[in-house]
Amino acid sequence: MTRCSDPNSNQKKRKKRGKHVSFPPDEQIVSGFAEHADRTEDSCMTLTDVVAAYQQSCSKHQVQPRENILQQLQQGVCGGGSVECLDLKGERLDHRSCEALEVVLKSLHFDFINLQAAQLEENGASSLLDMILYYESTTYLDISDNSSMGTSSWRALAHLIKQSVYLSRLDACNVSLVDYPIQSISKALLSSRLRVLYLNNALLSGTSLFALVRALKKNRALQELHLSNNQLNSYQDAMQLGELLQYNNTLQTLELSNNVLADAGLEELCDGLSRQAKGLKVLILKNNQITERGMNHLAKTLPGLKVLQVLDLGENHLGNEGIQVIREPLMVNSSVLHLGLAQTNITCEGAVALAEFLAESRLIQRLDLHQNRVKLGGLMALSLALRINCSLAHLDVDPIPPQELDTFLTETQKRLQSEITQRCNTNASRLHREPSEG
């Protein structure tokens, strides 16, 4: 579906606001400006009309229409008043190409606009972001992998984050968010409506993370924060993240994979988690150099957690010793539904400890043990535990390599894995029925 617009009225607006959209200081902007008159005017453009208007706009700005854009508009899928996607990934959009897109952005609302690796330079990026804000063109924007955006571009992005009524997710990954960029974004987040924010591989360690956390302590809208590959350390960075969990009860997902938080960093995070009566439901800590020593901090925190539902500790060197440390605290815990332990150096000994936990748990629904050396003894313990457990619906275990089995053991392995799958499926069916019955 396309938006309604009156060409004469739009022409007057363009003349009035000059060459492109611009904004007064923040305090002078009316918060409800997004409901501008363009949405209520009489004539409506079809997708065919938008294609023709885009071609005309390209001619006016002396650029070639992008074949990829034409194809997307010609094959546009409308639903619920929106076109699903405008994919401009890798299109290399210079200033004039961005200007030519205005007719598209004012005519259509997109569920997703992908500007990843579009080689946006300062003038083009700032104009494009201003237009996306003015026309409220999307609910999900990806500007990752654009390393040439200058000061005015980051200022325009900050305006978009702060003022947009409809933007709910922003991806700004694989860019350098230091100095002015992170300062402007952080300030905008104080009153933003964003719900999901991806800032992976953005050099956010140190003062950059401090600026972000300072804003998010007061933010009451953001529900997901993804900070993978930011070299977050176990000292100042972990302390900042722990304080974020103390002061923010709105954030529901915190993704911190591929950093260096280590055992000391986990202690800071556990301190923040222990103070949450509501808030964080998903904590992902894959590949953070955490060892069995870090499990001592987690063991103190697990029994008191009331909210956390997903805990992923995969790709950390926990070993069987680490599993033994958290076995009993997991039994006492009353919130964790999904536990990720893939590639954590667990063998049969650790699997037996987890089987003891499963036999006592009435809550756990998924356990991921991929890429661990769990052999027949571990599989047997897990299978026996599932004769008692009524909640586990997914147990992920890798097959034992064929070269390690003779014919008898191969048949035994197949039987055990079949039993595990069958009992998990039975539990899954029960869990599916119980909510509807309630």
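Check the entry above for the structure.
Residues numbered from 1 in each chain as written. Predicted model: local features only at pLDDT ≥ 70, side-chain atom pairs only at ≥ 80, totals over all residues. Heavy atoms only, no water.

Is there a simple way to think about the packing of helix α12 (residues 294-301) against helix α13 (residues 319-332) in this case?
Packed helix pairs are specified by the crossing angle of their axes together with the interaxial distance, meaning the distance between the axes. Direction vectors running N to C along α12 and α13 enclose 5 degrees, while the axes themselves pass 9 Å from each other. Classed by the angle they form, the pair α12 and α13 counts as roughly parallel. In this structure, α12 uses Met295, Asn296, Leu298 and Ala299 to contact α13, whose residues at the interface are Gly322, Val325, Ile326 and Pro329. Counted by class, the contact of α12 with α13 contains 6 nonpolar, 2 polar and no charged residues. (Axes fitted to C-alpha atoms, helices over the stretch in contact; angles between N-to-C directions. Helix = DSSP H or I, 4+ residues; strand = E, 2+ residues; numbered from the N terminus. Parallel < 35°, antiparallel > 145°, perpendicular 65-115°, else oblique. Contact = heavy atoms within 4.5 Å. Nonpolar A, V, L, I, M, F, W, Y, C, P; charged D, E, K, R; others polar.)

Which parts of the structure should I look at to understand the pattern of salt bridges?
Oppositely charged side chains can form a pair if their charged atoms are brought close together. Evaluated as defined, the whole model comprises 11 salt bridges. One salt bridge connects lysine 217 with glutamate 243, and the closest N-O pair in it is separated by 2.8 Å. Taken as a pair, lysine 217 in the loop between α9 (207-216) and β7 (224-226) and glutamate 243 in helix α10 (residues 236-247) lie far apart in primary sequence, 26 residues in all. Look at lysine 217 and you get partly exposed, because its relative accessible area is 22%. (Salt bridge = Lys/Arg side-chain N within 4 Å of Asp/Glu carboxyl O. Buried < 20%, exposed > 50% of the residue type's maximum accessible area, 1.4 Å probe, protein only.)

Just checking my understanding: could you explain the packing of aromatic side chains for this structure?
For the structure shown, the criterion picks out 2 aromatic pairs. An angle of 15 degrees between the planes, with centres 4.1 Å apart, marks the rings of phenylalanine 112 and tyrosine 140 as stacked. Of this pair, phenylalanine 112 sits in strand β3 (residues 110-114) while tyrosine 140 is found in strand β4 (residues 140-142), placing the two residues 28 residues apart along the sequence. As far as burial versus exposure is concerned, phenylalanine 112 and tyrosine 140 are alike and both buried. Both rings, one in tyrosine 134 and one in tyrosine 135, keep their centres 5.1 Å apart while their planes meet at 90 degrees; by these two values the pair is edge-to-face. By relative accessible area, which is 17% here, tyrosine 134 ends up buried. For tyrosine 135, a relative accessible area of 2% translates into the label buried. (Phe/Tyr/Trp six-rings, centres within 6.5 Å; stacked < 30°, edge-to-face > 60°.)

Read these as layout, nothing more, since geometry by itself doesn't imply function.
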